[in-house]
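In case you want the letters, here they are:
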Amino acid sequence: MSNSDSFTPRQTLTNPGLLASALHRIGTEAASTAEVWRRLTEHYIVDLDAVAALLPRAEPEPLWLQGRD
C-alpha cells in the first residue's frame, strides 16, 4: 500500500470498458504487472476483482523432471 494522501480525490473506475482502457494505457508504459497494479491503485479507485479478471494470469514456469536413461 502506498503512503499517498487518503484525502486526495481519485477517479473511480467502475465501467469495465473504461477499466480495460486504463489498464491497456498503463500496461504499455509499465515494465511489470506489479507496476501496473501500483500505478492503477495510486491513480484510481477500482474493484480489484475486476482488475484481476482483466489482467492475464501469471502462470509459473513448469519444472520438468529429468528423463531417465
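Just so it is clear, the model here is predicted, and its values are computed rather than measured.

Here the focus is the nonpolar core. Ranked by size, the top nonpolar core spans 12 residues in total: Leu-13, Leu-19, Ala-22, Leu-23, Ile-26, Ala-30, Val-36, Leu-40, Tyr-44, Val-46, Val-51 and Leu-55. Listed by contribution, the elements that provide at least two residues to this core are helix H1 (16–29), helix H2 (33–43) and strand E2 (44–46). Here the element with the most residues in this core is H1; it accounts for four residues. In this structure Val-51 touches Leu-19, Leu-23, Trp-37, Leu-40 and Val-46, once residues within four positions along its chain are discounted.

This part covers the packing of H1 against H2. Running from N to C, H1 and H2 point in directions that differ by 125 degrees, and their axes come no closer than 9 Å. Looking at the two axes, H1 sits oblique to H2. As H1 runs across H2, the sense of the crossing is right-handed. Residues Leu-19, Leu-23, Ile-26, Gly-27 and Glu-29 of H1 pack against Val-36, Arg-39 and Leu-40 of H2. Split into classes, the residues belonging to the contact of H1 with H2 amount to five nonpolar, one polar and two charged.

Along H2, the residues classified as buried are Glu-35, Val-36 and Leu-40. For H2, the buried positions fall inside an angular range of 130 degrees around the axis, keeping them on one side. Residues of H2 that are buried sit in contact with H1, E2 and helix H3 (48–54).

Conventions adopted
Residues numbered from 1 in each chain as written. Predicted model: local features only at pLDDT ≥ 70, side-chain atom pairs only at ≥ 80, totals over all residues. Heavy atoms only, no water. Core = buried A, V, L, I, M, F, W, Y, C linked by side-chain atoms within 4.5 Å. Buried < 20%, exposed > 50% of the residue type's maximum accessible area, 1.4 Å probe, protein only. Helix = DSSP H or I, 4+ residues; strand = E, 2+ residues; numbered from the N terminus. Contact = heavy atoms within 4.5 Å. Axes fitted to C-alpha atoms, helices over the stretch in contact; angles between N-to-C directions. Parallel < 35°, antiparallel > 145°, perpendicular 65-115°, else oblique. Left-handed = near helix turned anticlockwise from the far one by under 90°. Nonpolar A, V, L, I, M, F, W, Y, C, P; charged D, E, K, R; others polar. Arc of directions from axis to C-beta.

Remember that the coordinates give geometry; whether it matters functionally is a separate question.
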